[in-house]
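Breakdown of the fold
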Amino acid sequence: MALICFTVVISCTTQRAYKTSVVTDTNLHSTYDDTTLLVDNTSILMPYNRFIDPAGTVIRFGNPSLENHSLDCALIPGQNVLVVEDRYGLAFVDIINNLLLAHLDYSGSYNGMMSTYSGIKVWKEEAGSAVHIFWGAANPSNKRSVILDALWDGKTGRIVDAIPFEPVSPSPLALPNDIAIKKESGETYLYVVLNGNSQLVKLRLKDKKVIWTVATGMAPFGLALTSDKIYVTNWAGPVPVDSSRETAGIPYARVYIDPRTGATAMGTVTVFEQATGNKQTEITVGLHPNAIIPSKDQQFIYVSNGNSDNISVISTENNTVVDSISVRLGGDVNSFIGDSPNALVVDSIGTTLYVANGMDNAVAVLKLGSKSATEGKGNSYIEGFIPTEAYPSGLVLSNNTLYVANLEGEGARAAEKNKTYTSHRQEGTISIIPLPDKNTLRAYSTRVEKANMVFRGKISQLLPRPGVAARPVPERIGEPSVFKHVIYIIKENKTYDQVMGDMPEGNGMPSLCIFGDTITPNQHRLAKDFLLLDNYYASGKSSAEGHQWTDAAMVSDYVEKNVRAWFRSYPHVQTDALVYNKEGFIWNNALDHGKSVRIYGEACVPQWKGNTNWKDIYQLYLEKKPFAFENVTTISRVRPILCPTYPCYDGQKINDQIRADAFIKELKEFEKMEGDQWPQLIILALPSDHTAGMREGYPTPRAMVADNDLALGRIIEAVSHSRFWDSTAVFVTEDDSQSGWDHVSGYRTTGFILSPYSRLKKTVHTNYNQTCMVRTIEQILGIPPMNAIDATALPMFDGFTGTFDNTGYSFLKNNIPLDEMNKSATALSGKARQFTMLSSSPQFDHVDRGDDDLLNRIIWFSVKGNTPYPKNMTLPLKLRKDDDD
């Protein structure tokens, strides 16, 4: 067992402060936003309007070269040791001295394994016997799924067995998740839900004999046992049988969906007989039911509904839902969605339920009423909230102490020695929090409200005032804007320093800039002509997260639970109904409120008519000939507003000039129409800056970034010279920042605000993020926020001025040939040959599925040659011999 982890014990007083801007609105008789006064100034600001202000003690651990996540945890009986299921193995924590004892890594025959969503269990057969730890793991690359059995001897852990589970077609992975262990009639049995197979399995532990296997609902997640029954949560609800209801796909299946959003429309709990596996009933609960536990006396079952922000309480006597308890931070069941409950633990008395609210970075404390607990009184209610680190996802309660596995910890803040950051490096964390008394809980609750900026959500609900003059960004939603049209452009995977680090006007590090002014002349000119945002952040760490933040301003529990493993799907495009949150996306929000929408390349995939490669498609473009493709979306509401001639994104085959041509052609057609029929919200995917590394058959990274830059410049030129420019605002963002390094934050990326009211010609240092951009679009269009995250986002007031200047923009030609192609590996040697071969390996066949650090290094080398890379990363063995930096 390799001990590659480290530990640091911290308190909240050692964390860093991040400043944000203050915008005072005297008409509101209040400060619109002053976040630095609302929490302890030592707290950490996450890139989505949330501070981390944790109670108790925080233990940090993890291999510093990885993106570590704490998924779940359990106490080892008779010892003061907490075992943590993290993404890459097990961490053993001394809870008395608050230090990491050991880490059990996936290595040898288990190399490539990653822990599944949750569900660690500790088992001792009897006093004095060995301590066994069971949990699920899978390896998507070799389709292997197992329940692992590890022994803990008080000092080290070692894997002693692996129980395999085979996939059932069409699923490529059985994907074991939650487990339960129980002794019955002298035999010990293990129950396990198979999330990929949609099955529940019972097996005898001593010989691994399967007793029975039964079908569950869709994508089962958690299970709970009573004396004679088994309750299983189905993340995606029941198996569809009603042909009159709309269905859509999740990986390996179809499910009922909400036609308004495309998201899953049902969540259920299936009840089975323990002895036979016979199904008794299926109970409808909230959306995305995940964690499930029984009450101490087994009279009730508690279910956390991650996409409904409530707890369903089931009576085991008659298998019906007898109570539904909101866990929303605002305390109002009509407030914005976005708390994401996903883990549960009940106290020894059975009258207090603790709920991990992932997006609130807090544990909700629920007092259980008479409907929900045998000893409960009155109605159930929220007693308060306990602050944790980011996205609590596992809970243990023992000796009046709460142990919390924090899925996101402090986010991507692990820095290299030279103080550079990348989005895929972060530590795992555990919070150890003594249970608070009433006064302390009251103080904690205030901290949680401040850290979640609840006051901003209240401001977003203020009614518009009559007679208010139009302005670029109205002070209140529903007040008039000078703009009638908003264009929202989503690019791919760059940090600020990668592109803008060479601009002396901003806070950049030139040594990290690899796509500077020569490669991206239009982005540099736009930043100078309009404004440079040097304190703008992506909210997620990869495209799978990023397109949820850009399109929906939040991620669901399903996305968070998948982080860095992506067992079922990689949602860089919207094709999986389980991914979406209850309220959906910016386009359905606009449509719901009577706005016209046009989508260019987002929320869809292209289907090719033939095996055309990049060169062939580019040659057709040069010859002004069409190529055959069809845009396909799985969201029915997107279909009628999707441009059929603008190619969607599912790889790097298509040059962004083709996309720019398609958009500009439609723009000119709208200009010819009588009146103003141009859509009010226009969304464009512009993805070529993702690059294909040094893969043969594709342009070089700098050529693909230059292509993307030229397309952006042409689009802005066309819009700014159109008759719609006077009433149009353009917002440009990267979907994430994962392909490079930045000296300020792994989340910092490029963003642009372009309009006749945005010719500031200066740098804006205000702390903004992707959800601020979404909120600003909503503010301009006069539509309400979708969820608690964009409701608490700061509108980008500082990107606009009261001065009107409709000077058009003229694009700058590219300095890099767009068809500058990567060389063949046979024509190269050394690292160039190795990187070319690795770029062409199967791991990079699909978007973002390969090793992130390796691709970053490939991109760096392709542009910077042997200039030392920003960190000493762990390389594949075949590269180490030739590694000279």
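Computed from a predicted structure; not experimentally measured.

All right, on to the overall build of the chain then. Looking only at helices and strands, one finds 15 helices and 47 strands in the chain. Against the globule reference of 29 Å for 885 residues, the chain gives a C-alpha radius of gyration of 27 Å, in line with a compact fold. By residue count, 65% of the 885 residues in the chain fall in the buried class. Partitioning the intrachain contacts of the chain with sequence separation of at least 6 by distance along the chain shows that 66% fall at a separation of at least 24. A distance of 1 Å separates the average location of the 84 positive side-chain charges in the chain from that of its 97 negative side-chain charges.

All right, on to the pattern of salt bridges then. Considering all chains together, one arrives at 30 salt bridges under this definition. Between Glu-666 and Arg-598 there is a salt bridge, with its nearest N and O atoms 2.7 Å apart. Here the residue Glu-666 occupies a position in helix α9 (residues 656-672), and Arg-598 occupies one in strand β40 (residues 597-600), the gap between them amounting to 68 residues. Each member of the pair, Glu-666 as well as Arg-598, carries the same accessibility label: buried. Its salt-bridge partner being Glu-623, residue Lys-625 comes within 3.2 Å of it at the nearest N-O pair. Taking relative accessible area as the criterion, Lys-625 reaches 47% and is therefore assigned partly exposed. Among the charged side chains, a network of salt bridges with common partners joins Glu-67, Glu-408, Lys-541, Glu-545, Arg-564 and Asp-852.

Within the secondary structure, Asp-852 is located in helix α14 (residues 852-864). Asp-852 sits in the buried class, given a relative accessible area of 12%. Sequence-distant contacts of Asp-852, defined by excluding residues within four places in its chain, comprise His-424, Arg-564 and Gln-738.

With that settled, consider helix α5 (residues 543-552). In an α-helix, one turn spans 3.6 residues; hence positions three or four apart end up facing the same way. Taking burial as the measure, the ten residues of α5 include ten buried ones, the bulk of the element. Along α5, the residues that are buried comprise Ser-543, Ala-544, Glu-545, Gly-546, His-547, Gln-548, Trp-549, Thr-550, Asp-551 and Ala-552. Phi for Ala-553, located one or two positions after α5, is positive at around 65°.

Burial along strand β45 (residues 751-754) is two-sided: the residues Gly-751 and Ile-753 and Phe-752 and Leu-754 are all buried. Note that strand β44 (residues 728-734) and β45 share four bridges and pair antiparallel. Each bridged residue has a counterpart across the sheet, and for Val-732 the counterpart in β45 is Phe-752.

Before going further, it helps to spend a moment on the sheet that holds strand β31 (residues 352-357). An order of β30-β31-β32-β33 is seen for the four strands of this open sheet, with the pairing classed as antiparallel. Every interior strand has two partners, whereas the edge strands, β30 (341-346) and β33 (381-387), have only one. The mean inter-strand angle of the sheet, taken between neighbouring strand axes irrespective of direction, is 25°. When β31 meets strand β32 (residues 362-367), the two strands line up antiparallel, connected through six bridges. Opposite Ala-356, over in β32, you have Val-363 as the bridge partner. Running over the sheet, helix α1 (residues 438-451) touches β32 and β33 and is turned about 70° from β33.

To continue, consider the packing of α9 against helix α10 (residues 701-720). Following both chains from N to C, one finds α9 and α10 inclined at 10°, their axes separated by 8 Å at the closest point. If you check the angle between α9 and α10, you find them roughly parallel. In this structure, α9 contributes Asp-656, Gln-657, Ala-660, Asp-661, Phe-663, Ile-664 and Leu-667 to the contact, and α10 contributes Asp-707, Asn-708, Leu-710, Ala-711, Arg-714, Ile-715, Ala-718 and Val-719. Its residues assigned to classes, the contact of α9 with α10 comprises nine nonpolar, two polar and four charged.

This paragraph deals with the packing of helix α4 (residues 521-529) against α10. Two packed helices can be described by the angle between their axes and the distance between those axes. Axis separation between α4 and α10 bottoms out at 7 Å; the angle between their running directions is 45°. One way to sum up the angle between α4 and α10 is to call them oblique. Between α4, through Pro-521, Asn-522, Gln-523 and Leu-526, and α10, the contact on the second element is made entirely by Asn-708, Asp-709, Leu-710, Leu-712, Gly-713 and Ile-716. By residue class, the composition of the contact of α4 with α10 is five nonpolar, four polar and one charged.

Attention now moves to the packing of aromatic side chains. Given two aromatic rings, their pairing is described by the distance between the two centres and the angle made by the two planes. In the structure shown here, the tally under the stated rule is 26 aromatic pairs. Between Trp-235 and Tyr-558, the aromatic rings sit 5.0 Å apart at their centres with planes inclined by 75°, giving edge-to-face as the arrangement. Residue Trp-235 is found in the loop between β21 (229-234) and β22 (247-250), and its partner Tyr-558 is found in helix α6 (residues 557-562); the two are separated by 323 residues along the sequence. With relative accessibility at 0%, the residue Trp-235 sits in the buried group.

A separate point is the pairing of β21. Taking burial as the measure, the six residues of β21 include six buried ones, the bulk of the element. Here β21 shows a buried face lined by Lys-229, Tyr-231 and Thr-233 and a second buried face lined by Ile-230, Val-232 and Asn-234. With four bridges joining them, strand β20 (residues 220-225) and β21 adopt antiparallel strand pairing. Bridge pairing in β21 links Leu-223 to Val-232. Between the end of β20 and the start of β21, which pair antiparallel, lie three residues. In this structure, β21 lies alongside strand β24 (residues 267-273), joined through six bridges in antiparallel fashion. If you follow Tyr-231 over to β24, its bridge partner there is Val-271.

Under the defined criterion, the tally for this structure stands at one disulfide. Between the sulfur atoms of Cys-604 and its disulfide mate Cys-648 the distance is 1.8 Å. Of note, the bridge from Cys-604 to Cys-648 carries an S-S torsion of about -95° and is left-handed in sense. Separated by 44 residues along the polypeptide, Cys-604 in the loop between β40 and β41 (605-608) and Cys-648 in the loop between β42 (629-632) and α9 bring together distant segments of the chain. Taking the relative accessible area as the measure of exposure, Cys-648 reaches 1% and is therefore buried.

Rules and cut-offs
- Per chain, the residues get numbers from 1 upward, laid out in the order the sequence is written.
- With the structure being a predicted model, the display of local features is reserved for residues of pLDDT at least 70 and the display and counting of side-chain atom pairs for 80 or more, all residues being used for whole-chain, interface and lining totals.
- As a convention, hydrogens and water are excluded, and side-chain values are obtained from all of the structure's heavy atoms.
- Here a helix means four or more residues in a row that DSSP labels H or I, a strand means two or more in a row labelled E, and each is numbered from the N terminus.
- Throughout, radius of gyration means the C-alpha value; the globule benchmark is 2.2 Å times the number of residues raised to the power 0.38.
- Burial here depends on accessible area, computed with a 1.4 Å probe over protein chains only, as a share of the maximum for the residue type. Under 20% is buried, over 50% is exposed, and the range in between is partly exposed.
- Residues count as neighbours in contact if any of their non-hydrogen atoms are within 4.5 Å of one another.
- Charge assignment: positive for Lys and Arg, negative for Asp and Glu; neither His nor the chain ends contribute.
- A single reference atom marks each charge: NZ on Lys, CZ on Arg, CG on Asp, CD on Glu.
- In what follows, salt bridge is the name for a side-chain nitrogen of Lys or Arg lying within 4 Å of a carboxyl oxygen of Asp or Glu.
- One requirement defines pairing of two strands: DSSP has to find at least two bridges between them.
- In this description, a line fitted to the C-alpha atoms serves as the axis of each element, helices being fitted only across the stretch in contact, and the angle between N-to-C directions of two axes falls anywhere from 0 to 180 degrees.
- Angular relationships are summarised with four words: roughly parallel below 35 degrees, roughly antiparallel beyond 145, roughly perpendicular across 65 to 115, and oblique for the angles in between.
- Residue classes follow a fixed rule: Ala, Val, Leu, Ile, Met, Phe, Trp, Tyr, Cys and Pro count as nonpolar, while Asp, Glu, Lys and Arg count as charged, and any other residue, Gly among them, counts as polar.
- Ring geometry is summarised as follows: Phe, Tyr and Trp rings, the Trp one being its six-membered ring, pair when their centres sit within 6.5 Å, and such pairs are stacked at plane angles under 30 degrees, edge-to-face over 60 and tilted between the two.
- Throughout, disulfides are identified as pairs of cysteine sulfur atoms within 2.5 Å of each other.

No statement about biological role is implied by the geometric values presented.
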